[in-house]
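Chain by chain, the residues run as shown.
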Amino acid sequence: MDVNANATLKTKLSENITLLKGLLPLGRSFDLMTRDLLFGDVKAFWIGLNGFCVSEILEKMFSSLQEPRGDSLSAATLHAYVEARVGIAQISYASDLTSICDKLTSGNSILLVDGYDEAVILDTRAYHSRSVEEPELEKMTRGARDGFIEILLTNANLIRRRIRSPRLVFEMHSVGQVGKTDVCIAYLEDRADRTLVNKLSQKIDALQITALTMGAKSLEELLVKRRFFNPLPSLQMTERPDVAASYLAEGYVLVLVDNTPMALVLPCTIFHFTQTAEDYYKNPLVGTYLRFIRFLCIPVALLFLPLFLLLTSYYPQLAESWHLISTQIPSKGHLFFYVLVAEFFLAMFQYSASLSSDRFSGALSIVGGLLIGDMAVSLHWSTSEVLFYGGITLLATISVSCVELSDALRLYRMFLILCIYFGGVPGFWIGLGLVLFSIFTTPTFEGYSYFWPLVPWNGKALRNLLLRTPTAKAQPTKVWNR
């Protein structure tokens, strides 16, 4: 039976059951539970999702509704009867089939009563989730050990524990014609840019997609459309509630996506990827030192290995005088091959260690580095010098706090190596110019500057980004003027 999803309920229970059977796989999908009920002489029909409903709540609710008492459903309205009998905190009513199906698939229970053209929406759901743990990619030596999980409500609660302000708002949206994923916009009313919030809400509501299959990552690509030559991240992601709360206090806007253990931060600048919460759990002087180390790691990760290839291949006398290589300098072709092998091996070590269990990742990296590195030199697939410079490059790449930024630097580095091999010194400068062009043209949400506070200039904000400011002076008393 074909049923119009925009249709509404009827007063006869049998007709309503027939309508829902035309939209839902009742009797065919094992996780859809149904039950016939009697409220005195009045028939009712209940629908719920197995695994989402709390059995204890349902048992108490059914007992209370079916218990004979002085009040009668036929002598009272449905609203008054439910309010008197049901002790569930959240109850709503709906008559259109679209809303009823949406509520059911999100975990709510549906109660249909004969003689009424409204369905009672009962919030009897409970989601199964993993425990709140420290995120693997944002571990700290000190500080809080909690992190976002896949339940949006839990993530909102973790933020609310840190910002107990009545001005904190969590706006809910639904994305996906089939998936209907919950997307939440979080902001402080007295600090966030209202124009940014309105644009973000409009863009999320206007998305015409099937589902957010990869959660926040899919939403990021929908909000900011990048070209193939822009590998740098356009939005900051964090899995730490303390970091998310600090962004909210500074006037930023967060986007939380259900089934995704992270938050998107808007607007985003390139300086966001050079900061970490570790700086603020250290002494201000130590935090500033660590921040400068990370800043230095960015050019090292990008240019250290390409410059070694350039100087050794095209300026051998300079390489010898600077003691860049201890053995006889190989030909340009051999050196290029050695660098590619080292780059591939080191990337393979990093990737395999990140995917391996914690019990094996450390041993895997050490044993792999010793065995494969030694064999590569013995078989003349590489040299000890190339492996040394590649190891320094790998350490600098890993030291960059943002994984997306380090991956982009690896692509830029490979591009520069290819430019040096095929174009020599002019190729290096042309490649470097193209890399800078790619960085400067990185798109952001609604055109906000990717290089703020450099462009437009804001000296005080830039100083706070470069230096780890003491807590007494770092309190965000106002939103930065962009």
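Before reading on, note that the structure itself is shown above.
Here the structure is a predicted model, which means the values were calculated and not measured.

(A) Structural detail: the nonpolar core. In terms of nonpolar packing, the biggest core is built from 70 residues, with Val183, Leu200, Leu219, Leu232, Val253, Val255 and Leu264 touching the most fellow members. Top element by residues in this core is helix H14 (residues 403-440). It accounts for 11 residues. With residues near it in sequence (within four places) discarded, valine 183 still touches Glu171, Met172, His173, Val175, Ile204, Leu212, Leu219, Val255, Leu256 and Val257. Within the second largest apolar cluster, 23 residues are counted, among which are Met140, Ala263, Val265 and Trp452.

(B) Representation of the sheet that holds strand E4 (residues 109-113). Judged by pairing direction, the sheet is antiparallel, and its 5 strands sit side by side in the order E1-E2-E4-E5-E3 without closing on themselves. Each of the sheet's edge strands pairs with one partner strand only, and the pair in question is strand E1 (32-39) and strand E3 (91-94). Strand-to-strand twist in this sheet, taken as the mean axis angle between neighbours without regard to direction, amounts to 25°. Each of E1, strand E2 (42-49), E4 and strand E5 (119-122) touches helix H2 (residues 55-66); the most contacted strand, E1, lies at about 25° to it. Packing of helix H4 (residues 97-105) onto the sheet brings it into contact with E1, E2, E3, E4 and E5, and relative to E2 it is tilted by some 50°.

(C) Main features of the sheet that holds strand E9 (residues 253-257). Taken in spatial order, the 5 strands of this open sheet run E6-E7-E9-E10-E8, and their pairing is antiparallel. Because the sheet does not close on itself, it has two edges, and the strands there are strand E6 (168-175) and strand E8 (236-238). Within this sheet the neighbouring strands show an average axis-to-axis angle of 25°, counted without direction. Two elements, E9 and strand E10 (residues 263-266), share 4 bridges in a ladder whose sense is antiparallel. In the strand pairing of E10, valine 255 is matched with leucine 264.

(D) Main features of the packing of helix H9 (residues 284-314) against helix H13 (residues 384-399). Running from N to C, H9 and H13 point in directions that differ by 150°, and their axes come no closer than 8 Å. Comparing the axis directions of H9 and H13 gives the class roughly antiparallel. Handedness of the H9/H13 crossing: left-handed. When H9 is examined against H13, the residues Arg294, Cys297, Val300, Ala301, Phe304, Leu305 and Phe308 are found in contact with a partner set consisting of Val386, Tyr389, Gly390, Ile392, Thr393, Ala396, Thr397 and Ser399. For the contact of H9 with H13, the residue count by class is 10 nonpolar, 4 polar and 1 charged.

(E) Quick look at the pattern of salt bridges. Within the structure shown, the criterion is met by 14 salt bridges. A salt bridge links glutamate 134 to arginine 240, with the nearest nitrogen and oxygen atoms 3.5 Å apart. On the criterion of sequence distance, the pair formed by glutamate 134 in the loop between E5 and helix H5 (152-162) and arginine 240 in the loop between E8 and helix H8 (241-249) is long-range, its members being 106 residues apart. Each member of the pair, glutamate 134 together with arginine 240, is buried. If you follow the salt bridges from partner to partner, you end up with Glu134, Arg145, Arg240 and Asp242 in one network.

(F) Broad picture of the pairing of E1. In this sheet, E2 lies alongside E1 in antiparallel orientation, the contact comprising 8 bridges. If you follow methionine 33 over to E2, its bridge partner there is glycine 48. Hairpin connection between E1 and E2: a loop of 2 residues separates the two successive antiparallel strands, and glycine 40 in this loop has a positive phi of roughly 70°.

(G) View of the packing of aromatic side chains. Under the definition given, this model contains 15 aromatic pairs. Between the aromatic rings of phenylalanine 228 and phenylalanine 229, the centroid separation amounts to 5.3 Å while the plane-to-plane angle is 90°, which identifies the pairing as edge-to-face. Ring pairing ties together the aromatic residues Phe304, Phe308, Phe388 and Tyr389, which thus form one cluster.

(H) Local environment of the packing of H9 against helix H15 (residues 459-466). In the contact formed by H9 and H15, the axes pass within 9 Å of each other and the chain directions differ by 95°. One way to sum up the angle between H9 and H15 is to call them roughly perpendicular. Facing Thr288, Arg291, Phe292 and Phe295 of H9, the residues of H15 in contact are Asn464, Leu465 and Leu466. Partitioning the contact of H9 with H15 into residue classes produces 4 nonpolar, 2 polar and 1 charged.

(I) Looking closely at the environment of tyrosine 315. If you trace the backbone, tyrosine 315 turns up in the loop between H9 and helix H10 (316-321). A residue is classified by how much of its surface remains accessible, and tyrosine 315, at 36% relative accessible area, is partly exposed. For the pair formed by tyrosine 315 and valine 425, sequence separation is 110 residues and the distance between their alpha carbons is 10.0 Å. If sequence neighbours within four positions are ignored, tyrosine 315 has contacts with Leu310 and Val425.

Cut-offs applied
- Per chain, the residues get numbers from 1 upward, laid out in the order the sequence is written.
- Restriction of local features to residues with pLDDT of at least 70 applies here, the model being predicted, together with a cutoff of 80 or more for giving and counting side-chain atom pairs; totals for whole chains, interfaces and linings are based on all residues.
- To obtain the side-chain values, all non-hydrogen atoms of the structure were included, while hydrogens and water were left out.
- Buried residues of nine kinds, namely Ala, Val, Leu, Ile, Met, Phe, Trp, Tyr and Cys, make up a nonpolar core once their side-chain atoms join them within 4.5 Å.
- Buried, partly exposed and exposed residues are distinguished by accessible area as a fraction of the type maximum, computed with a 1.4 Å probe on protein chains only: under 20%, between the cut-offs, and over 50%, respectively.
- Helix and strand assignments follow DSSP, with helices taken as H or I runs no shorter than four residues and strands as E runs no shorter than two, numbered in order from the N terminus.
- Throughout, a contact is declared for two residues whenever any of their heavy atoms are within 4.5 Å.
- Strands are labelled as partners when DSSP assigns at least two bridges between them.
- Axis definition: a line fit to C-alpha positions, over the contact stretch in the case of helices; interaxial angles, taken between N-to-C directions, run 0 to 180 degrees.
- Note on terminology: angles under 35 degrees are roughly parallel, angles over 145 are roughly antiparallel, angles of 65 to 115 are roughly perpendicular, and the others are oblique.
- Helix crossings fall into two classes, left-handed where the near helix is turned counterclockwise from the far one by less than a right angle and right-handed where it is turned clockwise.
- Residues are grouped as follows: nonpolar covers Ala, Val, Leu, Ile, Met, Phe, Trp, Tyr, Cys and Pro; charged covers Asp, Glu, Lys and Arg; every other residue, Gly included, is treated as polar.
- Any Lys or Arg side-chain nitrogen found within 4 Å of a carboxyl oxygen on Asp or Glu counts as a salt bridge.
- Planes of paired rings set the category: under 30 degrees apart is stacked, over 60 is edge-to-face and the rest tilted, where pairs are Phe, Tyr or Trp rings (Trp by its six-membered ring) whose centres lie within 6.5 Å.

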